[in-house]
Each structure stands twice: as C-alpha cells, then as structure tokens.
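# What the coordinates show
Chain by chain, the residues run as shown.
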Amino acid sequence: MCGRFALTATTKDIEKLLPGFNADNPFKSRHNIAPTQEIVTALSSEPNRLREVKWGLIPNWSKDIKIASKMINARAETLTEKPSFRQLVNRKRCLIFTDGFYEWQTIPESKKKIPHIIYFKDGMPFTFAGLWDEWKDIQTGTILTTATIITTSANEFMSQIHNRMPVIIDEQFRKDWLDVNIKFTDLAELTFSREFDTMIMEPIEKI
DNA sequence: CCAGACGTTGTT
DNA sequence: GTCTGG
DNA sequence: CCAGACGTTGTT
DNA sequence: GTCTGG
C-alpha cells in the first residue's frame, strides 16, 4: 500500500513535471507525509493549478469527517465497484506529487517491520494516481478538498518487501489522467502493475 | 421497506 | 448518493 | 502507514 | 491488543 511518502523537491522542480501548472504557494520540503496531512496535487477540475489537499478521501455525501482516515488508499482492482470511488473515476481524478515513498517489510516470526524508501535513480519527483472529492462541513460551511492514493499489486521488484504499491503515472500519461474527457476504462491500463527500469529501494533505519 | 455502511492492509 | 443486509 | 494512547472524578 | 490522530 502507500501509507507514508516524501516530497522534498523544490517547487520549481515539481512544476516541471506538469508544464503549464503552477503552485499556489511554495511547498515545504517534507520527508514524512502522513495520512490526514496536506499533500500536493493536480486536480482534474483545475487544469493549471498545483494545490494542497488533505490526504484521506471524504466523499461528498459523508456525514462523518472521520471516514477520511479509512480512505487513504483505493484498490485499483475494485475502483469501479466501490460506492466510495466508482462515481469519482470518470470525474475526479488527480495526480499526487512525491519523490519517494515508504513500504514496511514485515519479517515473519520476529514481529519486526523494516522500513524501505523507494525512489527513482534520477532523484526527480514523480506522480501517484489518485481520486479526489469535495466535502462540505455542515457546521461551519467550509469546503474540504481531499484525496486518496490508488494502489495496485506489487511488481516483481517491489514484491521483495511488500505485496502492494502505489500506482505511478508516467510523464507521458499525466495529462491524460487529469483529462475527464477520457473515460476511465480507456486509462485503466495505467493502474496495472508493471516494472520500472530505474526504481531504487533501500532499507532505512527510521523515516 | 429502512438502517447502516461506504476502506485497505496484513495476519490467521 | 447508492448499495447491501436484514 | 506509524506512534501513542488506552480513564474518571472532583476541584480550580 | 486495539483504536485514534497525525
């Protein structure tokens, strides 16, 4: 799955990933982004903007804000079936910016978990596939924008440590993923597990 | 019909 | 909002 | 995902 | 051990 990641690149380098998209404000460098915190995204509805939203999807119909902490990931395999996601796949897709994510390897019979960081050889930031939504807090009238990260089965490389991984959208497909004129069924292939030539994985002591 | 859930992961 | 379970 | 809390009563 | 908050 994907429950922690980093975004330490400069705002300028992040903007380079998606020409024409500009950041609202400079983004802070962060090594350990946790669910419920702000994440940097490009949303399908706002074609020229990079903005922060909260990690943990709150569907627009939700009565309880607490649902967010359960909705940090969405399985690619069942996106079009699940009530929480099926209405979003054709209308509210997003890209989530990162330059490395963490997975924990569980060691059988020792109860220990070893964190690993996964990133690319060039050190550049890259993008996860996500879904987003807007939710109105009835008490205050505030609109909250939230997102979830789509996961898929681990590729051969990642399966050394874990059975799931986030969906990564390559450079040439980023604009397609954000284009809601393209149906999800025509993009579903992007969520399938595949190998990456320059992916690096390293065990770390601590995040 | 209404009431209640709406999710993923990992472990057994 | 929509589906599932009772 | 991990880290940290996990509780009540009565008094200020 | 399990739930909550970040």
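If you're wondering where the values come from, they're calculated on a predicted model, not measured in any experiment. (Residues numbered from 1 in each chain as written. Chains lettered and ligands numbered in written order. Predicted model: local features only at pLDDT ≥ 70, side-chain atom pairs only at ≥ 80, totals over all residues. Heavy atoms only, no water.)

To continue, consider the packing of aromatic side chains. In this structure the tally under the stated criterion is nine aromatic pairs. With a centroid separation of 6.5 Å and 75° between ring planes, the pair formed by F101 and F126 is classed as edge-to-face. On the criterion of sequence distance, the pair formed by F101 in strand β8 (residues 100-107) and F126 in strand β10 (residues 126-136) is long-range, its members being 25 residues apart. On the accessibility criterion, F101 (0% relative accessible area) is buried. A relative accessible area of 5% places F126 in the buried class. Just above the ring of W132 sits the side chain of K92; from NZ or CZ to the centre is 5.1 Å. Above the ring of W177, the side-chain terminus of R93 is found at 5.5 Å from the ring centroid. (Phe/Tyr/Trp six-rings, centres within 6.5 Å; stacked < 30°, edge-to-face > 60°. Helix = DSSP H or I, 4+ residues; strand = E, 2+ residues; numbered from the N terminus. Buried < 20%, exposed > 50% of the residue type's maximum accessible area, 1.4 Å probe, protein only. Lys NZ or Arg CZ within 6 Å of the ring centre and 35° of its normal.)

Counting 62 residues, the largest nonpolar core has F5, L50, F97, F101, F128, M158 and W177 as its most contacted members. Broken down by element, this core gets its largest block of residues, six residues, from β10. Contacts of F128, omitting those with residues within four sequence positions, involve C2, F5, C94, L95, I96, T98, F101, I149, P166, V167, I168 and I169. (Core = buried A, V, L, I, M, F, W, Y, C linked by side-chain atoms within 4.5 Å. Contact = heavy atoms within 4.5 Å.)

Residues in close proximity to DNA strand B total 17 residues, the closest being W61, R75, S84, H162 and N163. Side-chain polar atom of R75 to a phosphate oxygen of DNA strand B: 2.6 Å apart, as the coordinates give it. One of the side-chain nitrogen or oxygen atoms of N163 is found 2.4 Å away from a phosphate oxygen of DNA strand B. Sort the elements by how many residues they give to the surface near DNA strand B and strand β6 (residues 73-75) lands first, with three residues. By residue class, the composition of the surface near DNA strand B is six nonpolar, seven polar and four charged. (Near = heavy atom within 4 Å. Polar contact = N/O pair within 3.5 Å; in protein donor to acceptor, adjacent residues only side chain to side chain. Nonpolar A, V, L, I, M, F, W, Y, C, P; charged D, E, K, R; others polar.)

The next thing to look at is the side chain of T191. Tracing the chain through its elements places T191 in the loop between α2 (174-178) and β14 (199-203). Side-chain polar atoms of T191 contact the backbone oxygen of A188, separated by 2.7 Å. Contacts of T191, omitting those with residues within four sequence positions, involve A76, T152, V167, W177 and F184.

Attention now goes to the environment of L187. Here L187 is to be found in the loop between α2 and β14. By relative accessible area, L187 is classed as buried at 5%. C-alpha of L187 to C-alpha of W177: the two residues are 10 residues apart in sequence and 7.1 Å apart in space.

The predicted model of chain A has a mean per-residue pLDDT of 95, with 100% of residues at 70 or higher. Two summary scores accompany this predicted model of the complex, namely pTM at 0.96 and ipTM at 0.87. (pLDDT = per-residue confidence, 0-100.)

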